[in-house]
Amino acid sequence: MTSQLEIRKCSVCDTVIEVLESCGAEITCCGRPMDAMSAKCFAAGRQRHTPIVEQLDDGIRVTVGRMPHLMSHDHFIQWIELTANGRNYRQFLKPGMLPQAFFNVPTGESGEVQVRVMCKQDGLWSATPMEAQEHHLVLIDNDSWGHDAS
Ligand SMILES: [Zn+2]
Ligand SMILES: [Zn+2]
């Protein structure tokens, strides 16, 4: 079953898609079903990929890693996505940039946020409720994307 905003990847050509609407049918690429990418929360390398979510006066700032993540050509953060109150924001990044994004989320509308981060080498990561709590944000339940507990 495919859910809204699920990320899928083709194991043959590495195409990545985000699902906006699904009829429930299999999504294929290169003649094969596309695998759902589950956001990693507990895997090794977690510290480097943890999105730090900060509420600022005029919006929300997300930085990847307590020590900022590498931004080299073969290992960098490709995008940072924030979902809040039915709005979906995404900042695409390039090697050499800071692993950081600012989203102009209207004040008072940022109570429930979901943050996901895509690393070219290490895949998809999400912020956990605990990390968000440090900054007084509430994350929506992201179990629908599944967690890789390995
Ligand atoms: Zn493909
Ligand atoms: Zn990485």
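Above this note sits the structure.
These numbers come from a predicted model, not from an experiment.

1. Some thoughts on the sheet that holds strand 1 (residues 7-9)
1) Next: With antiparallel pairing, the 3 strands of this open sheet are ordered in space as 2-1-5. Because the sheet does not close on itself, it has two edges, and the strands there are strand 2 (16-18) and strand 5 (35-36).
2) Next: In this sheet, strand 5 lies alongside strand 1 in antiparallel orientation, the contact comprising 2 bridges. Each bridged residue has a counterpart across the sheet, and for Lys-9 the counterpart in strand 5 is Asp-35.

2. Considerations on the sheet that holds strand 8 (residues 59-64)
1) Next: In space, the 3 strands of this open sheet follow the order 7-8-11, with antiparallel pairing throughout. The open sheet has two edge strands, strand 7 (51-56) and strand 11 (100-103), and neither has a second partner. Ignoring strand direction, the axes of neighbouring strands in this sheet form an average angle of 15 degrees.

3. Focus: the environment of Lys-120
1) Next: One can find Lys-120 in the loop between strand 12 (112-119) and strand 13 (123-126).
2) Next: For Lys-120, a count of 16 C-beta atoms within 10 Å corresponds to the partly exposed category.
3) Next: For Lys-120 and Phe-76, which are 44 residues apart along the polypeptide, the C-alpha to C-alpha distance reads 5.7 Å.
4) Next: Not counting chain neighbours up to four residues away, the residues in contact with Lys-120 comprise Asp-74, His-75, Phe-76 and Gln-78.

Criteria and cut-off values
Residues numbered from 1 in each chain as written. Chains lettered and ligands numbered in written order. Predicted model: local features only at pLDDT ≥ 70, side-chain atom pairs only at ≥ 80, totals over all residues. Pairing = 2+ DSSP bridges. Helix = DSSP H or I, 4+ residues; strand = E, 2+ residues; numbered from the N terminus. Axes fitted to C-alpha atoms, helices over the stretch in contact; angles between N-to-C directions. Buried ≥ 20, exposed ≤ 12 C-beta atoms within 10 Å, placed from the backbone. Contact = placed C-beta atoms within 7 Å.

Purely geometric numbers; function is a separate question.
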